[in-house]
Amino acid sequence: MERTRRAAGRGRLIGWALLGAVVVALLTVGIVRDRGAESSQDRADDVARRIACPVCDGESVFESRNNSSEAIRAAIDERVNAGTQSDDQIISYIESRFGGQVLLVPRATGIDAVVWAVPAGALAVALAALVLTFRRWSAQPHLAPTDSDRELVASAMEDP
Amino acid sequence: MSDRRRVAPFVAIVLAVVLAGLFVVLLGADASSDETADTPLLDQPAPAAKGELGDGTSFDLSQRKGSWVVVNFFQSSCVPCKIEHPALVEFVDAESTRADGADFYTVVYDDDRESVEAFFEERGGDWPVVYDDDGSIAVAFGVAKVPETWIIDPDGVVRERIISTVTADFLRRELDRFRLAG
């Protein structure tokens, strides 16, 4: 009985370890995979996707055909083609002109950091709650029937 | 005491803290509806702005240092621009009589020259018009909608950004205030 329980526990542990390994492997591949050489246009498009059209709702300057978005795209193209600024520097330039509301990907500093911190905090709290709950469940005693229990049930079954 | 009763105060405290944080964020939000608008460029050197004037000569804002400069972003099809135009004519006429009168420029953004020339011919106004064909001046100033008016001091520093329409009185008052402040 004890051996069977131990084997089941080991099996569960191996299952969790395998699942963890797969998740780590997928995350690693996702982070470090080589996207290949990027053309200037691809780079400019990536930057444009991270900036909101300043006069429309829910569109990036990459998608928007608005005049203002086209002017911003032209400014991005010019800076990408000049090759002297990183993507973040170009985005900072646009932000310095139009304000932080044009950033589609919020910064991880200042009040903007709340949008990153709140989900992470909620996840941590949820995981902690799960761990506590599982631990409490597993701490409950495993009751096994005693001989007197068995006798009681047997006599109950025999009685008409 | 049950587990639920023990946990409840902590949950309430966490919720209260989150709500208080959101309240503080809302309190800090700018809900003003003033005519003047915030800009990261306020009290900063005006951005480089180069373009072509209507007569074909080049325009470079940095060359205007030493004078007060008022820049108005405009499109001939924009209704508020049409409404505002008489006020601009009045303002420019008044400034032209002063020794330290401001230089006034219209920056045309995403418009064709024929329409702009027809607009000025019909409604008056003989100040220089800068054609920002690629929108680079508008982006440099962070202008997305017209009309917008910017006041730049003789040191080339942005002193004010005004969104939507202006009146001649308002512009005069603001410029006088800046001139007095030095």
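Everything numeric here is computed off the predicted structure, so don't read it as measured data. (Residues numbered from 1 in each chain as written. Chains lettered and ligands numbered in written order. Predicted model: local features only at pLDDT ≥ 70, side-chain atom pairs only at ≥ 80, totals over all residues. Heavy atoms only, no water.)

Visitor: Explain unusual backbone geometry to me, please; I cannot follow it from the model alone.
Guide: Residues and elements named next belong to chain B. Cis geometry marks the peptide bond from Val-146 to Pro-147, where omega comes out at 0°. Along the polypeptide, Pro-147 turns up in the loop between helix H4 (136–141) and strand E6 (148–152). Located in the positive-phi region is Asp-43, a residue other than glycine, with phi close to 65°. You can see Asp-43 is positioned in the loop between helix H1 (3–28) and strand E1 (50–53). Among the residues examined, Asp-43 registers a relative accessible area of 53% and is labelled exposed. (Helix = DSSP H or I, 4+ residues; strand = E, 2+ residues; numbered from the N terminus. Buried < 20%, exposed > 50% of the residue type's maximum accessible area, 1.4 Å probe, protein only.)

Visitor: How should I be thinking about helix H2 (residues 79–96) of chain B in this particular structure?
Guide: Working note: α-helix, 3.6 residues per turn, so residues spaced by three or four point in the same direction. Residue and element names in this part refer to chain B. Helix length check: H2, at 18 residues, gives a terminal C-alpha distance of 26 Å against a target of 26 Å (1.5 Å per residue), a fit within 8%. The largest bend along H2 reaches roughly 40° and is located at His-85, with the proline Pro-86 sitting one to four residues downstream. Of all the residues in H2, the buried ones are Cys-81, Glu-84, His-85, Ala-87, Leu-88, Phe-91, Val-92 and Glu-95. Looking at the buried residues of H2, the elements they touch are strand E3 (69–74), strand E4 (103–109), helix H3 (113–123), E6 and helix H5 (168–181). (Expected span 1.5 Å × (residues − 1). Bend = angle between axes of the 7 residues up to and from the residue. Contact = heavy atoms within 4.5 Å.)

Visitor: Would you mind going over the confidence of the model for chain B with me for this structure?
Guide: Close inspection of predicted coordinates is inappropriate in any region flagged by low pLDDT. A residue-level look at chain B finds 93% of positions with pLDDT of 70 or above and a mean pLDDT of 89. Both confidence scores are given for the complex: pTM 0.69, ipTM 0.73. (pLDDT = per-residue confidence, 0-100.)

Visitor: What is the right way to read the interface of chain A and chain B from this model?
Guide: By a frequent convention, interface size equals the accessible area lost on bringing the separate parts together. Each partner contributes residues to the interface: chain A has 17 residues there, and chain B has 18 residues. Buried area between chain A and chain B, both sides added, is near 1200 Å², and the carbon and sulfur share of it is 62%. Viewed at the interface, chain B and chain A are joined by zero salt bridges. The interface formed by chain A and chain B contains four residue pairs in polar contact (both at pLDDT 80 or more). (Buried area = accessible area lost by both parts, 1.4 Å probe. Salt bridge = Lys/Arg side-chain N within 4 Å of Asp/Glu carboxyl O. Polar contact = N/O pair within 3.5 Å; in protein donor to acceptor, adjacent residues only side chain to side chain.)

Visitor: Is there a simple way to think about the pattern of salt bridges in this case?
Guide: Side-chain pairs of opposite charge can arise where the charged atoms are in close proximity. Residue and element names in this part refer to chain B. A complete count under the given rule lists 18 salt bridges over all chains for this structure. A salt bridge links Arg-64 to Asp-103; the nearest nitrogen and oxygen atoms lie 2.9 Å apart. With Arg-64 in the loop between strand E2 (58–60) and E3 and Asp-103 in strand E4, this pair connects stretches of sequence that are 39 residues apart. In this structure Arg-64 comes out as partly exposed when scored by relative accessible area, which is 28%. Classification of Asp-103 by relative accessible area gives buried; the value is 18%. For the salt bridge of Arg-98 with Asp-176, the shortest nitrogen-to-oxygen distance reads 3.2 Å. Residue Arg-98 is found in the loop between H2 and E4, and its partner Asp-176 is found in helix H5; the two are separated by 78 residues along the sequence. By relative accessible area, Asp-176 is classed as partly exposed at 31%. Linked through salt bridges whose partners overlap, the residues forming this network are Glu-95, Arg-98, Asp-100, Asp-176 and Arg-179.

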